[in-house]
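# Structural overview
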Amino acid sequence: MNPTQLAFIGLGIMGAPMAGHLLAAGNPLVINSRTKSKAESLLARGAKWADTPAAAAREADVVFLCVTDTPDVRDVLLGKHGVIESARPGMIVIDHSTISPAATREFAAALAGKGAMLLDAPISGGDIGAKNATLSIMTGGDRPAYDRALPLLQKLGKTITYCGPTGSGQLTKLANQILVTITNLAVSEAMTFAKKSGLDPAATIQAVAGGAAGSWQLNNLGPKMMSGDFAPGFTINLQLKDLRLVLESAKELNLSLRAVQLVNELFTQAKSKGWGREGTQALYKTIG
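As a starting point, this report considers the structure included with it.

Quick look at the environment of Leu171 now. Along the chain, Leu171 turns up in helix H8 (residues 168-196). In this structure Leu171 comes out as partly exposed when scored by relative accessible area, which is 40%. Separated by 74 residues in sequence, Leu171 and Ser97 have C-alpha atoms that sit 12 Å apart. Other than its neighbours up to four places away in sequence, Leu171 contacts Pro101 and Arg105.

Despite not being glycine, Ala133 shows a phi value in the positive range, around 55°. Within the secondary structure layout, Ala133 lies in the loop between helix H6 (126-132) and strand S8 (135-140). Unusually for a residue other than glycine, Asn254 sits at a positive phi of about 55°. Looking at Asn254, the relative accessible area reads 74%, which means it is exposed.

On the secondary structure map, Asn176 appears in helix H8. For Asn176, a relative accessible area of 19% puts it in the buried group.

Per the counting criterion, the structure on display carries two aromatic pairs. Considering the side-chain rings of Phe8 and Phe64, the 5.8 Å spacing of their centres and the 5° angle between planes classify their relative orientation as stacked. Of this pair, Phe8 sits in strand S1 (residues 6-9) while Phe64 sits in strand S4 (residues 62-65), and the two are 56 residues apart along the sequence. Phe64 shares its class with Phe8; the two are buried. Geometrically, the ring pair formed by Tyr146 and Tyr162 is tilted, given 5.2 Å between the ring centres and 45° between the ring planes.

Given a rise of 1.5 Å per residue, 18 residues ought to cover 26 Å, and the 24 Å separating the end C-alpha atoms of helix H12 (residues 258-275) matches this to within 8%. Inspection of H12 places Val260, Val263, Asn264, Leu266, Phe267, Ala270 and Trp275 among the buried residues, and these make up the whole buried set. One side of H12 holds all its buried residues, which, seen down the axis, span an arc of 165°. In H12, the exposed residues that point more than 90 degrees away from the buried face are Arg258, Glu265 and Ser272.

Criteria and thresholds
- Residues numbered from 1 in each chain as written.
- Predicted model: local features only at pLDDT ≥ 70, side-chain atom pairs only at ≥ 80, totals over all residues.
- Heavy atoms only, no water.
- Helix = DSSP H or I, 4+ residues; strand = E, 2+ residues; numbered from the N terminus.
- Buried < 20%, exposed > 50% of the residue type's maximum accessible area, 1.4 Å probe, protein only.
- Contact = heavy atoms within 4.5 Å.
- Phe/Tyr/Trp six-rings, centres within 6.5 Å; stacked < 30°, edge-to-face > 60°.
- Expected span 1.5 Å × (residues − 1).
- Arc of directions from axis to C-beta.

This is the structure in structure tokens:
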């Protein structure tokens, strides 16, 4: 059996290491990104470059993409020289971006017109998870397409879940972002309280991390807050994009999410202070 032909579009903080894992698994890989310099290490390892998404997808059985926002996905999939120009029956397109669930359904319908199948498969775990292939991947779409894609997804993550029909992956990711952002705020406030009280921050984290207060956010972002390390694994700008999607979806459901509204205001404040490109742990600087 011939190896599965793959394409990967979008080589940012998350996409580049993810593409690297697929390449390491031995399948032929064609890559495309807005900035070709981001592809250099992958090209040196044997990946092939394509100038457009359509060219990247031309021979691909499975096309992965990981870009920033809904308009970017629309452009990659449906724009001039987009993937849809190369779409054909049996092709699977896997979108790891976090975007609008409603737009995801639109994109899936457009690709279905060419016989291709879209899986919305947003990811969680940050740059650490991308580098270590330990991502959580929340997947919506056609179940047989998911079953076909699962061995490839297992090269990228440890927790891979089929969430339901098209759009379900995006909705699950938005629930994830509610938990992530509000927990981040809780860690920021707890660390501020500990520091103002004269506690040893490291001892405080050690004392509470093993109990009911423990979380990924506390273990990974708490020490960074205390050391003043605000380098991005996931930026405030991107977090605000996700919160916008949460609030838009909540409005469609006639649902008031008060804690989300508060954390959105605080992240907006952080961005206004010039911290938008910093990591989400910089939320800490808005407290106290």
